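Listed below, chain by chain, are the residues.
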Amino acid sequence: MLQVLLLTFSVVTVAHAELCKPDAQNAFKVRLSIKTALGDNAYAWDANEEYLFKAMVAFTMRRYSTKTTTQISNVLLCNVTDRVSFWFVVTDSSKNTTTVPGSEVEAAIRMNRNRINNAFLLSDKTLQFLKISSTLAPPVEPSTPVWLIVFGVVLCLIVAAIVFLVVAGIQQRKKKNKESTERENLEEKGEVTITIENGIPCETLDLKAGHINGVFSADDERFTSL
Amino acid sequence: KHLQERRQDGAAEGSARQQEMEKSRPLWDNPVQFVFACISYAVGLGNVWRFPYLCQMYGGGGFLIPYFIMLIVEGMPLLYMELAVGQRMRQGSIGAWKIISPYLCGVGVASVVVSFFLSMYYNVINAWAFWYLFHSFQDPLPWATCPLNSNRTGYEEECEKTSSTQYFWYRQTLNISPSLEVSGAVQWEQALCLTLAWLVVYLCILRGTESTGKVVYVTASLPYCVLIIYLIRGLTLHGAVNGLIYMFTPKLEQLSNPKTWISAATQIFFSLGLGFGSLIAFASYNEPSNNCERHAIIVSLINSATSIFASIVTFSIYGFKATFNYESCINKVILLLLNAFDLEEGSLTADNLNEMKDYLMATHPQEYAQLLPQLKNCSLEAELDTAVQGTGLAFIVYSEAIKNMEVSQLYSVLYFVMLLMLGIGSMLGNTAAILTPLTDSKVIATRFPKEVISGVVCFINCIIGLIFTMEAGNYWFDIFNDYAATLSLLLIVLVETIAVCYIYGLRRFEKDLHTMIGRKLNWYWKVMWAFASPLLIISLFIFYLTDYILTGTLQYQAWDGTQGQLVTKDYPGYALAVIGLLVASSTMCIPLGALVTFVRKRLKRERVSTVA
């Protein structure tokens, strides 16, 4: 009895060893970078973590197709290194000697990658399935690009300021023209009551730009010649 | 009746004088506005992106020696001369040189032409700064990561070959074509930003000195605030000290290299913006009794100090970026080795990397040999040695450093606002150089108000500037940047100096300055104007000419998307023709102006003699 048990056990382990080895058919290499991801909160990789991994893979296979009844014992791990990398295969639950095709395993893991990552507190980069490329998350794109919105705001402000300045300039010029035409009309009638100091109306001396004293640049004919 | 006549006479004269005074020159509100305008114009992008490069190439801290010598021999005297001419003649560049000698009106026209070329292409930089500024309001910054390729399994191929910041600049900003011949279409996004940039410039120059005077308060002071913030941030960055030490250790053997001195002279010359007519324009709005000697010294010293200040910031950023890249490189090597040999995480660190490499080579020679081509030799010196200047430094290197900082959006916004202020400040000077002669000329100024003239100039420049928003636009930009202003300016300033000293007469000019400022002219200025500066400019001119002749065909750097790097190509024939046209159109104005005046005088003399 004991001998039979020993024989089956050795056969099973040998079979298992043949199913799961580096570069075996339908086998995948997994690499974890726990210290990179978690730093001081890193957990050690031990048999319990391996058990969790087997459980997650079994869960993934079950979730992928309702037909399969994958057990934890169907998931075989081997060649665990210090890097924390290992190989695994999933054996067929109905027949213990064949492995589930790699494409099925790949599709299953792709579907549930997020759940597996979260179970180990890792991400796509730190929990790598070497032959299974992950679909990268697209960046969040708002409906209108952000830059157009900012551009629109700045453009409106600038255009408003330009319009304001131009209109103010036009109004100022109209007022100045009206004043000067009024004064010219009054002067023509000869009824000017503006205070005149040496031939210059006093208001113009208030102009900031008019610091040039026009009197002294005038011709000398107004003074009697010697 | 006699009294009424007198009063009418007086009134008529009064209205005539009123008209004269209304047309009198607008002035700056106070001398501070003038100094700020000059600083805002002189302190531009060249201080930020050209001086650090020169410092790095020509001996680090030792470069400051030729730089300061050139400042004293060339920079200050020429700046003082331009300001004095503008303040004395109280006209824009065309009018001022016409007063000095009627045969020299060509010099003024040449200045306006060069300023026109400059304003055409310079505002494109502001457009790029706007583009980056608007894109800084995202998390993460768009140049921080590569975009995904079409089936979302990896990153875009071009982005993989080069870095994400270079990809963002060359592909998403410029959408650059592989060579100058392939013009491509106008990029509407860049065209929009260019239009906005011109609208901003129009807003600032709309009312002449009234509006410009207020704007320069902001454009002159804001860059300093940002530089100080960046200095504090830069010095506290990890690895900044590496950059500072590497760059500032003087390599005094470079002083024996003539290129060092020539670069120092060229940098001082172009950094102060001499010869464009902007300084003359700004000074013409001064009160006649303004002390422009003091202001010239202040502006040139502040300009040089800003260059050095900006290079401290730039070197600390360089050091940070180089250290970051070096450490990433080391980490990549470590990861590669860890994965290949399945070693425990943390067993390989930067310190024991070399020993472990030897150990692995000894224990697993075959696998190590297989891995060897992928193992890069990481070197901090090599990272620090990458010297960049120009738009590459401003938009690629800085944005790469910014994306690695915390709160990168804030620093990005600050940085591009600073670039905008520097660029707009310089644009104000350029447009002033074009507009002042236009508003001075009676022909145009009487018919159109100031706003219309400014608007037309901005509009024409904007339309022409659309060339630089095409796919090949950056190549045309480089042509304009390298050739539009260099030779012409040297010639213009040379003619200016000779005109003031020998045609107008140094004694007469000295007397004018004495009336204006009230102090006797120091012998130092006289010696510099008469001998030192002209000799220096002549030697620079000869150097540039021999350089152009010796290099034979002119070449440019084109971006090759398939390789992900720049390649050197020759300019096609029509590009060389454009370069020749650019240089000729401004330099030919000087002799043409003299010729036209000569012919006109001859004709007038003949007409007078026939009448008499």
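All residue numbers here refer to positions counted from 1 along the written sequence of the relevant chain. Each chain takes a letter, starting from A, and each ligand takes a number, starting from 1, following the order in which they are written. Only residues with pLDDT of at least 70 are given local features in this predicted model, and only at 80 or more are side-chain atom pairs given and counted; all residues enter the totals for whole chains, interfaces and linings. Computation of side-chain values: all heavy atoms of the structure, hydrogens and water removed.

By the naming in an unreviewed UniProt entry, chain B goes by Transporter and is assigned to Anser cygnoides.

The name given to chain A in an unreviewed UniProt entry is Collectrin-like domain-containing protein, with the source organism recorded as Anser cygnoides. UniProt positions are given in the numbering used here, feature names are shortened, and annotations may be inferred rather than shown by experiment. In UniProt, chain A has this text filed under Subcellular location (unreviewed entry): "Cell membrane".

Participant: Which parts of the structure should I look at to understand the pattern of salt bridges?
Facilitator: Oppositely charged side chains can pair when the atoms bearing their charge come close. Any Lys or Arg side-chain nitrogen located within 4 Å of an Asp or Glu carboxyl oxygen qualifies as a salt bridge. Per the stated rule, a full pass over the model turns up 16 salt bridges over all chains. Notably, a salt bridge pairs R173 of chain A with E451 of chain B, separated by 3.1 Å at the nearest N-O pair. Here E451 of chain B lies in helix α22 (residues 450-465) and R173 of chain A lies in helix α6 (residues 146-189), a pairing that spans two chains. Given a relative accessible area of 35%, R173 of chain A falls into the partly exposed group. Per the convention used, a helix needs a DSSP run of H or I reaching at least four residues, while a strand needs a run of E reaching at least two, with both numbered from the N terminus. For every residue, the accessible area obtained with a 1.4 Å probe (protein chains only) is divided by the maximum for its type, and the residue is called buried under 20%, exposed over 50%, and partly exposed between those limits.

Participant: So what exactly am I meant to see when it comes to helix α27 (residues 573-587) of chain B here?
Facilitator: Every α-helix winds through 3.6 residues per turn, so residues three or four apart in the chain are directed the same way. All names here are of chain B. With 15 residues, α27 ought to run about 21 Å at 1.5 Å a step, and its terminal C-alpha atoms sit 21 Å apart, in line with that. Within the sequence span of α27, burial applies to A575, I579, L582, V583, S586 and T587. Each buried residue of α27 lies within a common arc of 115° when the element is viewed along its axis, so the set occupies one face. Residues of α27 that are exposed and point more than 90 degrees away from the buried face comprise G573 and L581. Expected span, for any helix, means 1.5 Å times one less than how many residues it has. In this description, the arc belongs to the directions extending from the helix axis to the C-beta atoms.

Participant: Help me out: how do you make sense of the state of the cysteines in this one?
Facilitator: One covalent bond between the sulfur atoms of two cysteine residues makes up a disulfide. All names here are of chain B. Note on terminology: pairs of cysteine sulfur atoms within 2.5 Å are recorded as disulfides. One pass over the structure, following the stated rule, counts two disulfides over all chains. The disulfide bridge from C146 ends at C159, spanning 1.9 Å between sulfur atoms. The sign of the S-S torsion, about -85°, decides the handedness of the disulfide formed by C146 and C159: left-handed. Here C146 is found in the loop between α7 (105-134) and α8 (157-161), whereas its partner C159 is found in helix α8, with 13 residues between them in sequence. Residue C159 is classed as buried on the basis of its relative accessible area, which comes to 1%. Cysteines bonded in chain B are numbered consecutively along the chain; their disulfide partners then correspond to 1-2, 3-4. Here C292 stays unpaired: no disulfide links it, and the sulfur of C38, its closest cysteine neighbor, is 10 Å away. Overall, the relative accessible area of 0% leaves C292 in the buried class.

Participant: Mind showing me how you'd approach unusual backbone geometry here?
Facilitator: Most peptide bonds take the trans form, and the phi angle of most residues other than glycine is negative. In the segment running from D139 of chain B into P140 of chain B, the intervening peptide bond is cis, with an omega of -5°. Position of P140 of chain B among the secondary structure elements: in the loop between α7 and α8. Of note in the backbone geometry, D23 of chain A takes a positive phi value of approximately 65° without being a glycine. Mapped onto the elements of the fold, D23 of chain A is located in the loop between α1 (2-19) and β1 (28-32). Exposure remark for D23 of chain A: the relative accessible area of 66% places this residue in the exposed category. With a phi close to 55°, R90 of chain B is a non-glycine residue in the positive phi region. Relative to the helices and strands, R90 of chain B resides in the loop between α5 (64-89) and α6 (93-100).

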